[in-house]
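Chain by chain, the residues:
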Amino acid sequence: MTTTEVFEEHRSLLNGVAYRILGTAADAEDVVQEAWLRWDRVAGGEVDNPRAYLVTVVSRLAIDRLRKASSQRESYVGEWLPEPVSDLPDGAERAELADSVEFALMVVLETLSPLERAVFVLHEAFQLPYAQIAQVIGRSEEATRQLARRARDHVRERRPRFEADQSQRRRMTERFLQACLEGDLDGLKGLLADDATMVSDSGGKARAPLRVIQGSHKVGRFLASVSQERNTTRFLRSVGLEAETRLDIGVTEVNGGPAGVLSVEGSPVLMLTLDVIEDRVQHVYLLVNPDKMSRLRVADPS
């Protein structure tokens, strides 16, 4: 195989590693491209294990970029959410990796340190042995295991133990969207957990709360109000659209799970995804930052 063919054989894996460490598809692609430039400079015959070499290069580049991004995000306007993606690998690889890219988990990964996140991703999502991960991050194997243990404990504390299955999540998402569209406050409160929260990401480029909303009544009241004509008009204008613009909304797959996507003439302008525990919505994630919409497929109109 040529140098290019070897790299292309591993591109999907490398994109997956980089995206899970960084939380943005655009940054992940930049990292993979830089890895390609480095790979192209080494003779293929000098690398005994191309997969291990490329994963190491991509992981190190992603960790460095995440460290820089973490400081930049301190000045981000409002809350920061990962960049959602609609396309995942096909077949067995899709089923195997879908859980590790689930949106609510990606949100939790944002609370880990860059090294903790890299170790968690490489071990939990890609089953790399600790000895190999230790070489990737330049730590001893014992230190790597400690990082992994801290990361797992942190994730367990923030991820539900009794998550709903995909079919239940889709039904809940459809009911939730319908209640939002109808401005049905009682219906929304009936779906929300008492201590539910809503996190919105606008980047200061669209109308959305800049702080986390807590409590089922406050979350429901905000979402019910969005359907009112005046608030809908304000939102449309905040993203550069006219009040008369025709909107389509439906449920589509985002990060391996169901999400509501609002689109205008085929272009997504809003994504809403739910973290469902048993039969209640625990967390609502609302994304309206136009810079993070390019990786979403448009939902079928409902």
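Residues numbered from 1 in each chain as written. Predicted model: local features only at pLDDT ≥ 70, side-chain atom pairs only at ≥ 80, totals over all residues. Heavy atoms only, no water.

Looking at an unreviewed UniProt entry, one finds the chain named RNA polymerase sigma factor SigJ and attributed to Nocardiopsis exhalans. Taken directly from UniProt, the Subunit (unreviewed entry) text for the chain runs: "Interacts transiently with the RNA polymerase catalytic core formed by RpoA, RpoB, RpoC and RpoZ (2 alpha, 1 beta, 1 beta' and 1 omega subunit) to form the RNA polymerase holoenzyme that can initiate transcription." Its UniProt record, at the heading Sequence similarities (unreviewed entry), says of the chain: "Belongs to the sigma-70 factor family. ECF subfamily." (UniProt positions renumbered as here; feature names shortened; annotations may be inferred.)

A.B. asks: Break down the overall build of the chain for me, with residues and values.
C.D. replies: Each helix and strand counted, the chain has twelve helices and six strands in total. Within the chain, the fraction of its 302 residues that count as buried is 51%. Within the chain, contacts between residues at least 6 apart in sequence are counted, and of these 67% link residues at least 24 apart. On the chain, roughly 14800 Å² of surface is accessible, and the fraction owed to carbon and sulfur atoms is 45%. (Helix = DSSP H or I, 4+ residues; strand = E, 2+ residues; numbered from the N terminus. Buried < 20%, exposed > 50% of the residue type's maximum accessible area, 1.4 Å probe, protein only. Contact = heavy atoms within 4.5 Å. Areas by Shrake-Rupley, 256 points an atom, 1.4 Å probe, with all protein chains shown as cover.)

A.B. asks: A description of the side chain of Arg169 should follow, citing residues and the corresponding values.
C.D. replies: Summarising the element assignment, Arg169 is placed in helix α9 (residues 166-182). Overall, the relative accessible area of 9% leaves Arg169 in the buried class. One polar contact links Arg169 to Glu102, side chain to side chain, over a distance of 3.4 Å. (Polar contact = N/O pair within 3.5 Å; in protein donor to acceptor, adjacent residues only side chain to side chain.)

A.B. asks: Any chance you could break down the packing of helix α3 (residues 50-72) against helix α6 (residues 114-125) for me, citing the residues and the numbers?
C.D. replies: Running from N to C, α3 and α6 cross one another at 145°; their axes reach a closest spacing of 9 Å. Where α3 crosses over α6, the two elements pack in a sense that is right-handed. Of the residues in α6, those in contact with Val55, Ser59, Ile63, Leu66 and Arg67 of α3 are Pro114, Leu115, Arg117, Ala118 and Leu122. In the contact of α3 with α6, the residues fall into seven nonpolar, one polar and two charged. (Axes fitted to C-alpha atoms, helices over the stretch in contact; angles between N-to-C directions. Left-handed = near helix turned anticlockwise from the far one by under 90°. Nonpolar A, V, L, I, M, F, W, Y, C, P; charged D, E, K, R; others polar.)

A.B. asks: So, the packing of aromatic side chains: which residues are in play, and what are the values?
C.D. replies: Tallied over the full model, the rule gives three aromatic pairs. Between the aromatic rings of Phe7 and Trp36, the centroid separation amounts to 5.3 Å while the plane-to-plane angle is 65°, which identifies the pairing as edge-to-face. Taken as a pair, Phe7 in helix α1 (residues 3-22) and Trp36 in helix α2 (residues 25-41) lie far apart in primary sequence, 29 residues in all. One exposure class covers both Phe7 and Trp36, and it is buried. The side chain of Lys292 reaches across the aromatic face of Trp80, ending 3.9 Å from its centre. (Phe/Tyr/Trp six-rings, centres within 6.5 Å; stacked < 30°, edge-to-face > 60°. Lys NZ or Arg CZ within 6 Å of the ring centre and 35° of its normal.)

A.B. asks: Pulling in residues and values, what's your account of the pairing of strand β5 (residues 267-277)?
C.D. replies: Within β5, nine of the eleven residues are buried, which leaves it mostly tucked inside the rest of the structure. Taken together, the five bridges between strand β4 (residues 257-264) and β5 define a ladder with antiparallel strand orientation. For Val261, the partnering residue across the bridge sits in β5 and is Met271. The turn linking β4 back onto β5 is made up of two residues, and Glu265 within it adopts a positive phi angle of 50°. Of the pairings in the sheet, the one linking β5 to strand β6 (residues 280-287) comprises seven bridges and is antiparallel in character. Of the residues in β6, the one forming a bridge with Val276 is Val281. (Pairing = 2+ DSSP bridges.)

A.B. asks: A description of α6 should follow, citing residues and the corresponding values.
C.D. replies: The first and last C-alpha atoms of α6 sit 16 Å apart over twelve residues, in line with the 16 Å expected at 1.5 Å per residue. Among all positions of α6, only Pro114, Leu115, Glu116, Arg117, Ala118, Val119, Phe120, Val121, Leu122 and Ala125 are buried. Of the residues trailing α6, Gln127 is marked for its positive phi of about 55°. (Expected span 1.5 Å × (residues − 1).)

A.B. asks: Which residues make up the environment of Gln135, and what values do they have?
C.D. replies: Its place among the elements puts Gln135 in helix α7 (residues 130-137). Residue class for Gln135 comes out exposed when judged on its relative accessible area of 59%. As a C-alpha pair, Gln135 and Thr56 span 79 residues in sequence and 8.0 Å in three-dimensional space.

A.B. asks: How would you explain the nonpolar core if you had to name every residue and give the values?
C.D. replies: Ranked by internal contacts, the top residues of the largest apolar core, which has 49 residues, are Phe7 and Leu109. Of all elements in the fold, only α1, α2, α3, α5 (103-109), α6, α7 and α8 (141-158) reach the threshold of two or more residues within this core. In terms of residue count, the dominant contributor to this core is α1 (nine residues). If we ignore the near neighbours within four places in the chain, the residues touching Leu109 are Arg20, Arg117, Phe120, Val121 and Val155. (Core = buried A, V, L, I, M, F, W, Y, C linked by side-chain atoms within 4.5 Å.)

A.B. asks: Could you give an account of the packing of α6 against α7, naming the residues involved and the relevant values?
C.D. replies: Contact geometry of α6 with α7 gives a least axis separation of 10 Å together with a crossing angle of 145°. The way α6 lies across α7 gives a crossing that is right-handed. Along the contact surface, α6 presents Leu115, Val119, Leu122 and His123, while α7 presents Tyr130, Ile133, Val136 and Ile137. Classifying every residue of the contact of α6 with α7 gives seven nonpolar, one polar and no charged.

A.B. asks: Would you mind going over the sheet that holds strand β3 (residues 248-254) in detail, with residue names and values included?
C.D. replies: Pairing in this open sheet of six strands is mixed, and the strands run β2-β1-β6-β5-β4-β3 from one edge to the other. Sheet topology places β2 (213-214) and β3 at the edges, where each strand pairs with a single neighbour. Of the pairings in the sheet, the one linking strand β1 (residues 192-201) to β6 comprises six bridges and is parallel in character. Residue pairing in the sheet places Thr197 in a bridge with His283 of β6. Across the sheet, α9 lies against β1, β3, β4, β5 and β6, angled at about 35° from β4, the strand it touches most. Taken strand by strand, helix α11 (residues 216-226) contacts β1, β2, β5 and β6, and its axis lies near 50° from that of β1.

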